Amino acid sequence: DCPACKEEFPKIQALQKDIKILALDVDLKLKSLTRYLKAHPLSFDVGWDEGQEIARRYGVRGVPFCVLIDSHGKIAYEGFEAPRSPQKLFEAVPAA
């Protein structure tokens, strides 16, 4: 269990109406992810980053770690907390 993740996920879920959310679990055991999702259902997609390849690619340094990728595949925002509102989220992304 990740106490910080439990705190951040409701905030991230609130943003889902404005953007597409995909969470990646970097736990080394798929069983742990399956158990967590059963106990804590989420309204956004969650993938398993087996071997932490994606986490390494984006420089994830802890969890929960948010990376906002713009429509061009560039990192527009990264941090340990999700932006608190859709307005803050869109301010982080440069206009296309």
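We now turn to the structure provided with this report.

Cut-off values and rules
- Residues numbered from 1 in each chain as written.
- Predicted model: local features only at pLDDT ≥ 70, side-chain atom pairs only at ≥ 80, totals over all residues.
- Heavy atoms only, no water.
- Salt bridge = Lys/Arg side-chain N within 4 Å of Asp/Glu carboxyl O.
- Helix = DSSP H or I, 4+ residues; strand = E, 2+ residues; numbered from the N terminus.
- Pairing = 2+ DSSP bridges.

**Focus on the pattern of salt bridges**
Applying the stated rule across the entire model yields one salt bridge. Residues Arg 57 and Glu 53 are paired through a salt bridge, measuring 3.1 Å at the closest nitrogen-oxygen approach. With Arg 57 and Glu 53 both in helix 3 (residues 53-57), this residue pair falls four residues apart, about one helical turn.

**So, the pairing of strand 4 (residues 75-79)**
Pairing geometry for strand 3 (residues 66-69) and strand 4, over four bridges, is antiparallel. The residue bridging Cys 66 from the neighbouring strand is Gly 79, located in strand 4. Hairpin connection from strand 3 to strand 4: five residues lie between these consecutive antiparallel strands, with Gly 73 at a positive phi of about 85 degrees.

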